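Notes for the structure review
Here are the chains, one letter per residue:
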Amino acid sequence: MAKSGRGPQRTTKKDWLDKALERLVENGADSIKISTLAKNLDCARSSFYWYFKNLDDLLNHILEYWQRHNTYPIVEYAGLRSGTICEAVLRIFICWADETEFNARLDFAVREWSRHNPKIRQLIDQSDSLRTQAIEEMFIRHGYGSREAFVRARTLYHSQIGYYAIDPQEPFSVRIPWVAEYVYCF
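Description of the structure in this document. (Residues numbered from 1 in each chain as written. Predicted model: local features only at pLDDT ≥ 70, side-chain atom pairs only at ≥ 80, totals over all residues. Heavy atoms only, no water.)

1. Some words on the nonpolar core
Stated formally: As used in this record, nonpolar core signifies buried Ala, Val, Leu, Ile, Met, Phe, Trp, Tyr and Cys residues forming a set joined through side-chain atoms within 4.5 Å. Partly exposed describes any residue whose relative accessible area lies between the buried limit of under 20% and the exposed limit of over 50%, with all areas from a 1.4 Å probe on protein chains only and scaled to the type maximum. Helical segments are the DSSP runs of H or I of at least four residues, strand segments are the runs of E of at least two, and each set is numbered from the N terminus.
The biggest cluster of nonpolar side chains holds 25 residues, and the ones touching the most others in it are Trp16, Leu24, Ile32, Leu58, Ile62, Val110 and Trp113. Going through the elements one at a time, α1 (13-27), α2 (34-41), α3 (55-79), α5 (104-114) and α6 (118-141) are the ones with two or more residues in this core. Within the second largest apolar cluster, 24 residues are counted, among which are Ile85, Ala88, Ile92 and Tyr163.

2. A look at the environment of Ile32
To be explicit about the condition: For this analysis, residues touch if any pair of their heavy atoms sits within 4.5 Å.
Checked against the element boundaries, Ile32 lands in the loop between α1 and α2. Separated by ten residues in the primary sequence, Ile32 and Glu22 have C-alpha atoms spaced 9.3 Å apart. The contacts of Ile32, once residues within four sequence positions are left out, are Ala20, Arg23, Leu24, Leu37, Leu55, Leu58, Leu59 and Ile62.

3. A few points about the state of the cysteines
Rules: Any cysteine sulfur atom paired with another within 2.5 Å is treated as part of a disulfide.
Throughout the structure, instances matching the rule amount to zero disulfides. Free cysteine: Cys185, not disulfide-bonded; nearest cysteine sulfur from Cys86 at 10 Å.

4. Details of the packing of aromatic side chains
As a reminder, the rule being used: Only rings of Phe, Tyr and Trp enter the pairing, Trp through its six-membered ring, and a pair is recorded when the two centres are within 6.5 Å. The plane angle decides the type: under 30 degrees is stacked, over 60 is edge-to-face, the rest tilted.
Evaluated as defined, the whole model comprises eight aromatic pairs. Consider the rings of Phe48 and Tyr49, whose centres lie 5.1 Å apart with planes at 85 degrees: the pair is edge-to-face. On the basis of relative accessibility, which here comes to 0%, the residue Phe48 falls in the buried class. When its relative accessible area of 42% is taken as the criterion, Tyr49 is described as partly exposed. A ring pair is formed by Trp96 and Tyr157, whose centres lie 6.4 Å apart and whose planes are at 35 degrees; its orientation type is tilted. With Trp96 in helix α4 (residues 85-97) and Tyr157 in helix α7 (residues 146-166), the pair connects residues that are 61 residues apart, well separated along the chain. Every member of this aromatic cluster is reached through a ring pair, and the members are Trp16, Phe48, Tyr49 and Phe52.

5. Some details on the environment of Thr132
For Thr132, the position within the fold is in helix α6. Residue classification places Thr132 among the buried positions, given a relative accessible area of 14%. It is 28 Å that separates the C-alpha atoms of Thr132 and Leu17, two residues lying 115 residues apart in sequence. Apart from residues lying up to four places away in sequence, Thr132 is in contact with Ala153 and Tyr157.

6. Focus on α1
We count it as follows: Multiplying 1.5 Å by the residue count of a helix minus one yields the expected span of that helix.
With 15 residues, α1 should cover 21 Å at 1.5 Å per step; its first-to-last C-alpha distance of 21 Å lies within 8% of that length. Taken as a whole, α1 has its buried residues at Asp15, Trp16, Leu17, Lys19, Ala20, Leu21, Arg23 and Leu24. Next to the buried residues of α1 lie α2, α3 and α5. Directly beyond the C-terminal end of α1, a positive phi value near 95 degrees is found at Gly28.

7. Some details on the side chain of His61
Along the chain, His61 turns up in helix α3. Excluding residues that lie within four positions of it along the chain, His61 makes contacts with Lys13, Leu17 and Phe52.

8. A short note on α2
Rule in force here: Read the arc as the range of directions from the helix axis to the C-beta atoms.
Restricting attention to buried positions, one finds in α2 the residues Ile34, Leu37, Ala38 and Leu41. Within α2, the buried residues cover an arc of 100 degrees as seen down the axis, which keeps them to one side. For α2, the secondary structure elements touched by its buried residues are α1 and α3. Phi turns positive one or two residues past the end of α2, at Asp42, with a value near 55 degrees.

So, in C-alpha cells, the structure goes:
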C-alpha cells in the first residue's frame, strides 16, 4: 500500500530549506533537526542527504538565503537612481514593506540566532554594515556630506530594525497612511 503524504521521492531541496526556514522563524535555530524536518515533510530522513551534506550545510544554506533575500535587496534598492532623496528613502521603505524583498521575521530570527553564535553574529555585523553603507552612499549621492550621510543612514536603518524588534503587530493598512510623514522625517 502506498504511503500517504509527500514521500521521499517527492521532496526537493527547496522543501527542506523552506521547512527549515519555517522552523527557524517559528522556534529558533535549535529547533532545526533533520529528524523533525523529515517528519514534517513526511519523508525518510535519508532523503535529506540527497541535498545536504549534514545539518551544518543546511544551516549555511539558510544563511545564504537570508543574505540573498534580506541584505541584497536593501543594497539594491539603496543603489537605484532617484530624482530626490525623498524618492530614494521611499524606495527603501518599499523594500522593507514588501515581504518578498525583506522578510522581517526571518531577519529577527537570524538576529536571535546570532545572540548565541559568534559566527552568526559576525554575519549579522557584516550584513548591517553592507546595508547601512548602501544607505549612506544613497544619501551622499543626493548631496549630503559624509558625516551627515553616515548618521542619517544609521538613524534610518536602526529605526526600522528597531521597529521590527518591538514587533508591534500593526497591519500594513495602519502603517500606510503614515508613509508620507515617515519619508518626510527620514
